[in-house]
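# Architecture at a glance
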Protein chains: 2
Amino acid sequence: MDKHIDTIGFIGLGVMGGSMASHLLAAGYKLLVNTRSPVKAAMLLETGAVWRESAAHVASSCAVVITMVGYPAEVEGLYFGPGGLIENARPGTILIDMSTSSPDLAARIYKTAAARGIRALDAPVSGGDLGAKNATLTIMAGGDSEVFEQIRPLFEAMGKTIILQGGPGAGQHTKMANQIAIAGSLLGAVESIIYAEKAGLDPSKVLVSISSGSAGSWQLTNNGQKILSEDFSPGFYVKHFRKDLGIALDSARRLGADLPLLALAERLFATLESKGLGDLGTQVLYKLYAGGHE
Amino acid sequence: MDKHIDTIGFIGLGVMGGSMASHLLAAGYKLLVNTRSPVKAAMLLETGAVWRESAAHVASSCAVVITMVGYPAEVEGLYFGPGGLIENARPGTILIDMSTSSPDLAARIYKTAAARGIRALDAPVSGGDLGAKNATLTIMAGGDSEVFEQIRPLFEAMGKTIILQGGPGAGQHTKMANQIAIAGSLLGAVESIIYAEKAGLDPSKVLVSISSGSAGSWQLTNNGQKILSEDFSPGFYVKHFRKDLGIALDSARRLGADLPLLALAERLFATLESKGLGDLGTQVLYKLYAGGHE
């Protein structure tokens, strides 16, 4: 642990945030926490974390504050406004948003924070609940390299592949590139399985033939297997993936990139969510196809 | 080698067929060959293969005939009609089409051949030129299991993952499922890289962050790297992938499967071919996006 950073604030203790915070605690940092549902902090409080009654209280007494929440609107609420992190953090504080959020919002946080002498990084992750639990997350960061290097020991306590991808927002942009690649492999895997079934093949036998070659992907191997086992529980939530695809599509449009696969995926996941399937895993896309889709 | 099958006919000695035939020769089989461009047979003839002046001549003197050509129209021409394999093969002959072709055509060959006491298998492959060269192809077969078992030693000389997927046409259907999964991963990889570039990121650094997790795929790792190196030479031809996607889309429609990703991929590759890029590798899809596409 870095002796200049002894107290870390952690806001957002869901499945991901809870595991990530526990690694910081285990690495010897003092942890001040706040989260929407206080019950989720119980385990951390038992192992030494200290509860703070609001984000503002966390911000005012930490050298570093990490946020890990679900949606850009929550990120915006946490950082801006009267009770927000930027207004309540001391100059010199480093604010790190590890949520998957909008690149533009990340850039706006960076700029608004800088005007008050506060530093900000965007550092979304991939690797899911298992990566968070095992401290093997991939961390994609955007911001100043000097700040990134200062924070590196914290990132190393939570992740494995840790890369500064560029200036403010670059971490979020990288996460969007990640989600776009996932969308392709996932749609390909689902349509491949649907085709195999309609053709009267045994899809589990088909997966043996096609998974290890140039058709192979993490999605085909992992979500493909879940589909065949009819396991639609969430590894990654439909509602979160839909949110990410929406951010990516909006961002692509602003950047002047016409990405029809991304547009198709966003449309399909919006349909899934509108059918009330937002709390299932992304592999439930299979059901949209199997049941006929619009 | 199987002593009941001593003489094999091999028709179609392109990059794939040439390598595959050479493994059969090396395994000790007597090989009678014919191909559209006789110059492509030169190497095989030097190492012991015997030239036959037509497909009909090959058919009439072999226990097994393997075909490996580019398009369903060529397959149809080879099997049917007065100079065709079915008319000229002796009863008891086994005809194996290892080209990637239409499942319906495979079923038609099977049926027409059976009426003359001839057995047929469809057995398309994946693994590309390297898989053919190293005898590590994946072979996806359709037909009768008794015939498949008889042919297994030949398949084992050319490939590694060898699976009978079902009845006539099942090999071709499996290959279509393979191509659909490829289409998803490839479009995802290309749109991911385009997004990263438009966002001002360094795509090679982005690939390090995203390739090993849930966004990972053979396409992202291999064709992604080729795109970044601006290497658009054919590992797999645009024109052949477009043909495959067309077969898959047509087949999916007959089966009543609405596959919008497949339809999108087919449209993009048709555009690439119409722009005269059919002889480049599938990763040239990147250029369609980079240059703006319709």
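### Side note on the overall build of chain A
For chain A, the count of helices and strands is 14 helices and nine strands. Taken over the C-alpha trace, chain A has a radius of gyration of 20 Å; the compact-globule value for 294 residues is 19 Å, and the two agree within 12%. Seen through its C-alpha atoms, chain A measures out along the principal axes to roughly 65 × 45 × 35 Å. Partitioning the contacts of chain A with sequence separation of at least 6, the portion at a separation of at least 24 is 66%. As presented, chain A carries roughly 11000 Å² of accessible surface, and 52% of it is formed by carbon and sulfur atoms. For chain A, the distance from the average position of its 25 positive side-chain charges to the average position of its 27 negative side-chain charges is 1 Å.

### Describing the pattern of salt bridges
All names here are of chain A. On inspection of all chains with the given rule, the structure shows 22 salt bridges over all chains. A salt bridge links Glu 266 to Arg 242; the nearest nitrogen and oxygen atoms lie 3.5 Å apart. One end of the pair, Glu 266, is in helix α13 (residues 260–274); the other, Arg 242, is in helix α12 (residues 238–254), and 24 residues separate them in sequence. Shared partners join several salt bridges into a network, and the residues in it are Asp 104, Asp 250 and Arg 254.

### Brief notes about the relation of the copies chain B and chain A
Placing chain B over chain A gives an RMSD of 0.0 Å and needs a rotation angle of 180°, together with 0.0 Å of translation along the axis. What the superposition gives is, in effect, a two-fold axis relating one chain to the other. A shared interface surface links the copies, since 100% of the contact residues of chain B are contact residues in chain A too.

### Describing the side chain of Lys243(B)
Residue and element names in this part refer to chain B. Checked against the element boundaries, Lys 243 lands in helix α12 (residues 238–254). Since its relative accessible area comes to 12%, Lys 243 is described here as buried. At a separation of 2.9 Å, a polar atom in the side chain of Lys 243 contacts the main-chain carbonyl oxygen of Gly 70. Polar contacts involving the side chain of Lys 243 include one to the side chain of Asp 244, which spans 3.1 Å. Setting aside residues no more than four positions away along its own chain, Lys 243 makes contact with Gly 70, Tyr 71, Pro 72 and Thr 100.

### Quick look at the domain arrangement of chain A
Residue and element names in this part refer to chain A. When its domains are assigned, chain A resolves into domain 1 (7–167) and domain 2 (173–290). For domain 1 versus domain 2, the separation of C-alpha centres amounts to 29 Å. Taken together, the 14 residues of domain 1 in the interface contact 13 residues of domain 2. Taken over both partners, the interface formed by domain 1 and domain 2 buries close to 1100 Å², and the fraction arising from carbon and sulfur atoms is 61%. If you sort the residues of domain 1 by the area they bury against domain 2, Tyr 71, Thr 100 and Pro 103 come out on top, with a joint share of 45%. Note that Asp 104 and Arg 254 form a salt bridge whose closest N and O atoms lie 2.6 Å from each other. Put simply, domain 1 and domain 2 have five residue pairs in polar contact (both at pLDDT 80 or more) between them. Those elements giving two or more residues to the side of domain 1 that touches domain 2 turn out to be α6 (103–114) and β7 (125–126). By residue class, the composition of the side of domain 1 that touches domain 2 is six nonpolar, six polar and two charged.

### What about unusual backbone geometry?
A positive phi is found at Ala135(A), a non-glycine position, where the angle reads about 55°. Its place among the elements puts Ala135(A) in the loop between α7 (128–133) and β8 (137–142). Within the chain, Glu230(B) stands out as a residue other than glycine whose phi angle is a positive 50°. Looking at the secondary structure, you find Glu230(B) in the loop between α11 (218–228) and α12. Overall, the relative accessible area of 66% leaves Glu230(B) in the exposed class.

### Regarding the nonpolar core
Ranked by size, the top nonpolar core spans 90 residues in total, and within it Leu187(A), Leu259(A), Leu285(A), Leu187(B), Leu259(B) and Leu285(B) carry the most contacts. Look past the residues within four positions of Leu187(A) in its chain and what remains in contact with it is Leu261(A), Leu264(A), Ala265(A), Leu268(A), Leu285(A), Tyr289(A) and Leu261(B).

### Things to note about the interface of chain B and chain A
Opposite the 55 residues of chain B that make contact, chain A presents 55 residues. Taken together, both faces of the contact between chain B and chain A bury some 4500 Å²; the carbon and sulfur share is 64%. For chain B, the biggest contributors to the area lost against chain A are Tyr195(B), Ser209(B) and Ser214(B); these three give 16% of the whole. Inspection of the chain B/chain A interface yields zero salt bridges. Summed over the shared surface of chain B and chain A, the result is 22 residue pairs in polar contact (both at pLDDT 80 or more). Residue assignment for the side of chain B that touches chain A shows that the elements contributing at least two residues are β8 (137–142), β9 (159–166), α9 (170–198), α10 (203–210), α11, α12 and α13 (260–274) of chain B. The leading source of residues in the side of chain B that touches chain A is α9(B), at 18 residues.

### Structural notes on the packing of helix α10 (residues 203–210) of chain A against helix α11 (residues 218–228) of chain A
Residues and elements named next belong to chain A. Orientation of α10 relative to α11, taken along the N-to-C sense of each, is 170°, at an axis distance of 11 Å. The angle between the axes of α10 and α11 places the two elements in the roughly antiparallel class. Together, Pro 203, Ser 204, Leu 207 and Ile 210 of α10 and Leu 220, Gly 224, Gln 225 and Leu 228 of α11 make up the contact between the two elements.

### Overview of helix α4 (residues 72–79) of chain B
Residues and elements named next belong to chain B. Burial in α4 covers these residues: Pro 72, Val 75, Leu 78 and Tyr 79. Buried positions in α4, seen along its axis, are confined to an arc of 120° and lie on one side of it. A positive backbone phi angle near 90° is found at Gly 81, which sits one or two residues after α4.

### Some words on the confidence of the model for chain A
Across chain A, the average pLDDT comes to 96, with 98% of residues at or above 70. We note a pTM of 0.96 for the whole complex and an ipTM of 0.97 for its interfaces.

### Brief notes about the pairing of strand β2 (residues 30–34) of chain B
All names here are of chain B. Among the five residues of β2, four are classified as buried, and the element is accordingly described as predominantly covered. With helix α1 (residues 15–26) bridging strand β1 (residues 7–11) and the parallel β2, this β-α-β connection has right-handed handedness. Pairing between β2 and strand β3 (residues 50–51): two bridges, direction parallel. Directly across from Val 33, in β3, lies its bridge partner Trp 51.

### As for the packing of aromatic side chains
Inspection of the entire model under this criterion finds eight aromatic pairs over all chains. Taking 6.3 Å as the distance between ring centres and 10° as the angle between the ring planes, the aromatic pair formed by Phe232(B) and Tyr286(B) counts as stacked. Residue Phe232(B) is located in the loop between α11 and α12, and its partner Tyr286(B) is located in helix α14 (residues 285–290); the two are separated by 54 residues in the primary sequence. Each member of the pair Phe232(B) and Tyr286(B) is classed as buried. Each member of the aromatic cluster is reached from another via a ring pair, and the members are Phe236(A), Phe241(A) and Phe269(A). The ring of Tyr237(B) carries the charged tip of Lys239(B) above its face, separated from the ring centre by 5.0 Å.

### So, the environment of Leu220(A)
Residue placement: Leu220(A) occurs in helix α11. The exposure class of Leu220(A) is buried, given its relative accessible area of 1%. Separated by 128 residues in sequence, Leu220(A) and Gly92(A) place their C-alpha atoms 46 Å apart. Here Leu220(A) is in contact with Ala189(A), Leu207(A), Ile210(A), Ser211(A), Ala215(A), Gln225(A) and Ala181(B), once residues within four sequence places are set aside.

Cut-offs used in this document
- Residues numbered from 1 in each chain as written.
- Chains lettered and ligands numbered in written order.
- Predicted model: local features only at pLDDT ≥ 70, side-chain atom pairs only at ≥ 80, totals over all residues.
- Heavy atoms only, no water.
- Helix = DSSP H or I, 4+ residues; strand = E, 2+ residues; numbered from the N terminus.
- Rg over C-alpha atoms; globule rule 2.2 N^0.38 Å.
- Contact = heavy atoms within 4.5 Å.
- Areas by Shrake-Rupley, 256 points an atom, 1.4 Å probe, with all protein chains shown as cover.
- Lys, Arg positive; Asp, Glu negative; His and termini not counted.
- Charge placed at Lys NZ, Arg CZ, Asp CG, Glu CD.
- Salt bridge = Lys/Arg side-chain N within 4 Å of Asp/Glu carboxyl O.
- Least-squares fit on C-alpha atoms with pLDDT ≥ 70 in both.
- Buried < 20%, exposed > 50% of the residue type's maximum accessible area, 1.4 Å probe, protein only.
- Polar contact = N/O pair within 3.5 Å; in protein donor to acceptor, adjacent residues only side chain to side chain.
- Domains from an automatic or database assignment.
- Buried area = accessible area lost by both parts, 1.4 Å probe.
- Nonpolar A, V, L, I, M, F, W, Y, C, P; charged D, E, K, R; others polar.
- Core = buried A, V, L, I, M, F, W, Y, C linked by side-chain atoms within 4.5 Å.
- Axes fitted to C-alpha atoms, helices over the stretch in contact; angles between N-to-C directions.
- Parallel < 35°, antiparallel > 145°, perpendicular 65-115°, else oblique.
- Arc of directions from axis to C-beta.
- pLDDT = per-residue confidence, 0-100.
- Right-handed = clockwise from strand over helix to strand, strands pointing away.
- Pairing = 2+ DSSP bridges.
- Phe/Tyr/Trp six-rings, centres within 6.5 Å; stacked < 30°, edge-to-face > 60°.
- Lys NZ or Arg CZ within 6 Å of the ring centre and 35° of its normal.

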